[in-house]
Amino acid sequence: MNDYDGFYRKNKNSLFAYLLRMTGNYHLACDLVQESFARYLSHYKDSIASRPLLYTIARNAALDTIRKQTRESLDAGDLEDSCKNPEQQMMDRQAFEHMLAAIKKLSRPDRELISLIATGDLSYREIGNVLNISASTIKVKVHRARRKLREILASGGE
């Protein structure tokens with residue numbers, strides 16, 4: 001159980017960030033992190049800690065939830081940093097919401113890929129394992145998705 005606790009502490013923040021970018025919903029991402037670790041523990045408690053497997057479980061849980069939702073909502077209100085002045089908080093929140101809105105305009109595969117890359121925890125090979133794509137294909141798709149995201153941001157999010 002101590003190994004699992006260390007695995008959880010090491011991966012919870014990056015998994016949350018991935019799920020937040022993927023879903024655009026703070027509370028849903030929190031729920032999916034817990035669900036992902038619970039599924040991992042219940043089904044793979046005897047196996048060696050595997051980040052790609054954890055991300056695959058999280059991805060599948062998120063996709064299941066997204067399929068069930070009738071509409072998506074964006075709630076980044078709980079992410080404010082209390083150390084900053086109110087004006088800076090508002091500017092940061094607007095930038096965050098603008099970026100999430102731009103990511104949501106990407107196709108689902110591109111959004112998912114950008115979310116996995118942005119975590120910074122997984123190599124191209126590990127991301128390829130999660131998505132069942134080769135590492136070289138991941139590199140090409142990442143380049144194209146980033147270019148699309150830049151175009152969306154440059155056009156003001158339209």
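Presented here is a report on the structure given in the accompanying data block. Given the structure is predicted, the values throughout are model-derived calculations rather than measurements.

Some words on helix α5 (residues 108–119)
Counted at 1.5 Å a residue, the expected span for α5 with its twelve residues is 16 Å, and the 17 Å between its end C-alpha atoms agrees. Burial within α5 is extensive, with nine of its twelve residues counted as buried. By the burial criterion, the buried members of α5 are D110, R111, E112, L113, I114, S115, L116, I117 and T119.

Side note on the environment of R51
Along the chain, R51 turns up in helix α3 (residues 51–68). Of the residues examined, R51 reaches a relative accessible area of 22% and is grouped as partly exposed. Among residues more than four places away in sequence, those in contact with R51 are F7, N11, D121, L122 and E126.

Thoughts on the pattern of salt bridges
Taken as a whole, this structure holds five salt bridges when the rule is applied. For D5, the salt bridge goes to R9, with nearest N and O atoms at 3.1 Å. Taken together, the residues D5 and R9, both in helix α1 (residues 2–23) and four residues apart, mark about one turn of the helix. According to the relative accessible area criterion, D5 is partly exposed, its value standing at 33%.

Overview of the packing of aromatic side chains
Scanning the model with the defined rule gives five aromatic pairs in all. Geometrically, the ring pair formed by Y8 and F37 is edge-to-face, given 4.7 Å between the ring centres and 70° between the ring planes. Of the two residues, Y8 is situated in helix α1 and F37 in helix α2 (residues 26–44); the sequence distance between them amounts to 29 residues. Take F37: its relative accessible area is 2%, and that puts it in the buried class. Both rings, one in F16 and one in Y26, keep their centres 5.4 Å apart while their planes meet at 80°; by these two values the pair is edge-to-face.

Rules and cut-offs
- Residues numbered from 1 in each chain as written.
- Predicted model: local features only at pLDDT ≥ 70, side-chain atom pairs only at ≥ 80, totals over all residues.
- Heavy atoms only, no water.
- Helix = DSSP H or I, 4+ residues; strand = E, 2+ residues; numbered from the N terminus.
- Expected span 1.5 Å × (residues − 1).
- Buried < 20%, exposed > 50% of the residue type's maximum accessible area, 1.4 Å probe, protein only.
- Contact = heavy atoms within 4.5 Å.
- Salt bridge = Lys/Arg side-chain N within 4 Å of Asp/Glu carboxyl O.
- Phe/Tyr/Trp six-rings, centres within 6.5 Å; stacked < 30°, edge-to-face > 60°.

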